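Fold and contact review
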Amino acid sequence: RAKSDRRGTYRFFEPEMDAQLQARRLLEADLRKALANDEFELYYQPQINIRRHEISGFEALLRWRHPERGMVSPAEFIPVAEDIGLIAPLGDWVLERACAEAANWPKDIKVAVNLSPVQFRNRALVESVDKALTRSGLSPSRLELEITESVLLQDNETTVATLHQLRELGVCVAMDDFGTGYSSLSYLRSFPFDKIKIDQSFVRELTSRADCLAIVHSITRLGASLGMITTAEGVETEEQYQQLRAAGCTEVQGYYFGRPQPARDLVFSLFVEERREAL
Ligand code: C2E
Ligand code: MG
Ligand code: MG
Ligand code: MG
């Protein structure tokens, strides 16, 4: 009886499990072909320096144009790419493309590239960054690498050593999604980051919650006293921007100032008068 019960249970779950597994397998297979089929593209979102009223750089955000599904979110496919060992070649592609495209931009504009924690487990990372810089001719000071706190969560000594090696190449290192990890503050002690990116979850509730405003004030003050740039992510409204400016934030990034766009559509100056006045 127990046997038939169990079989009944399996039969109950089977179709759904199957469908999920199949969808995942399909995604993996499509992802494996995507690089060779040239289905990836980088979009770029501006980062604005508040005090200087200028675009200081653009963050490269990976896009996958799936032949049948259309745009697939990086939040969906990056974890899969990490699982199936594809993030190293994909990450290399991102570095190469971002450096090559940024080499055509005005000389004072930087490009920021996101790195996955899995790329840090791969010893070739420093070499990949070096190669992308050399091949593109981009000055290392114009490349910024964004890492999340999960990078520092995994190991420690090797990771920090790798960060120092990257820094020795002359690139900048930013901590992404600051404030969302378990011990954000202690990570600031393990490596002297050039920049802290205040997570969008704090910015979203900036104008409705006093605690979020207090946290943002503390982070900008902390960043300033450590000599780090502070960038607020996910700025969508004038009110949020005004609060961030008053809090002493160095830079802002978000839909209010520009959505991620293909390289060919980028505009490098804040030529829109109203926008300039808003600043
Ligand atoms: P992230 O690095 O924190 O990037 C910021 C995300 O917020 C981007 O989502 C961006 O499009 C979105 N965003 C920007 N401004 C606003 C705003 O005003 N409001 C809202 N609601 N969202 C805004 P996206 O492009 O979907 O990327 C999601 C995440 O995927 C990134 O978070 C990053 O962790 C990862 N990712 C993207 N490209 C790459 C890549 O080339 N390599 C790696 N390893 N990860 C990447
Ligand atoms: Mg980022
Ligand atoms: Mg972020
Ligand atoms: Mg994020």
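Under the annotation held in an unreviewed UniProt entry, the chain carries the name GGDEF domain-containing protein and is attributed to Microvirga aerophila.

Surrounding the magnesium ion (ligand 3) are the protein donor atoms D176 (OD), D177 (OD), E233 (OE) and E233 (OE), which sit 2.1 to 2.4 Å from the metal. Mapping the donors of the magnesium ion (ligand 3) onto the primary sequence gives the spacing D-D-x55-E. In this structure, the magnesium ion (ligand 3) lies 4.1 Å from the magnesium ion (ligand 2), and both are coordinated by D176. Taken together, the residues span a long stretch of sequence, with D176 in strand β6 (residues 172–178) and E233 in the loop between β8 (229–232) and α11 (238–247) at a distance of 57 residues.

Between its first and last C-alpha atoms helix α5 (residues 125–136) spans 17 Å; for twelve residues at 1.5 Å apiece the expected length is 16 Å, and the two agree. By the burial criterion, the buried members of α5 are L125, V126, S128, V129, A132, L133 and S136. Take α5 and look down its axis: the buried residues cluster within an arc of 165°, on one side only. The exposed residues of α5 that point more than 90 degrees off its buried face are E127, T134 and R135. Summarising the contacts, the buried residues of α5 are in contact with α3 (87–102), α4 (117–121), β5 (143–147) and α7 (157–169).

Packing of helix α10 (residues 210–225) against α11 leaves a shortest axis separation of 9 Å and a crossing angle of 40°. Taken together, α10 and α11 sit at an angle that is classed as oblique. With respect to the hand of their crossing, α10 and α11 are arranged in right-handed fashion. Across the interface between the two elements, L213, V216, H217 and T220 of α10 pack against Q243, L244, A246 and A247 of α11.

Taken together, 22 residues lie near ligand 1, and R63, D176, Q200, E236 and Y255 sit nearest. One of the side-chain N or O atoms of E233 is found 3.3 Å from an oxygen atom in ligand 1. One of the backbone N or O atoms of Y255 is found 2.8 Å from an oxygen atom in ligand 1. Starting from 800 Å² of accessible surface for ligand 1 in isolation, the protein chains cover 81%. When residues of the shell around ligand 1 are traced back to their parent elements, those giving at least two are β2 (54–66), α2 (74–83) and β6. In terms of residue count, the dominant contributor to the shell around ligand 1 is β2 (four residues). For the shell around ligand 1, a count of residues per class yields nine nonpolar, six polar and seven charged.

Glancing now at the environment of L244. Assignment of secondary structure puts L244 in helix α11. A C-alpha to C-alpha distance of 20 Å links L244 and S184, two positions 60 residues apart in sequence. Dropping the residues within four chain positions of it, L244 is found in contact with V203, L206, V216, A232, V235, C249 and V252.

Looking now at the pairing of strand β4 (residues 110–114). When β2 meets β4, the two strands line up parallel, connected through four bridges. Each bridged residue has a counterpart across the sheet, and for E59 the counterpart in β4 is A112. In the sheet, β4 pairs with β5 via four bridges, with the strands oriented parallel. Its bridge partner lying in β5, V113 is registered against L145.

What counts and what doesn't
- Residues numbered from 1 in each chain as written.
- Chains lettered and ligands numbered in written order.
- Predicted model: local features only at pLDDT ≥ 70, side-chain atom pairs only at ≥ 80, totals over all residues.
- Heavy atoms only, no water.
- Donors = N, O, S within 2.8 Å, 3.2 Å for Na, K, Ca; no water.
- Helix = DSSP H or I, 4+ residues; strand = E, 2+ residues; numbered from the N terminus.
- Expected span 1.5 Å × (residues − 1).
- Buried < 20%, exposed > 50% of the residue type's maximum accessible area, 1.4 Å probe, protein only.
- Arc of directions from axis to C-beta.
- Contact = heavy atoms within 4.5 Å.
- Axes fitted to C-alpha atoms, helices over the stretch in contact; angles between N-to-C directions.
- Parallel < 35°, antiparallel > 145°, perpendicular 65-115°, else oblique.
- Left-handed = near helix turned anticlockwise from the far one by under 90°.
- Near = heavy atom within 4 Å.
- Polar contact = N/O pair within 3.5 Å; in protein donor to acceptor, adjacent residues only side chain to side chain.
- Areas by Shrake-Rupley, 256 points an atom, 1.4 Å probe, with all protein chains shown as cover.
- Nonpolar A, V, L, I, M, F, W, Y, C, P; charged D, E, K, R; others polar.
- Pairing = 2+ DSSP bridges.

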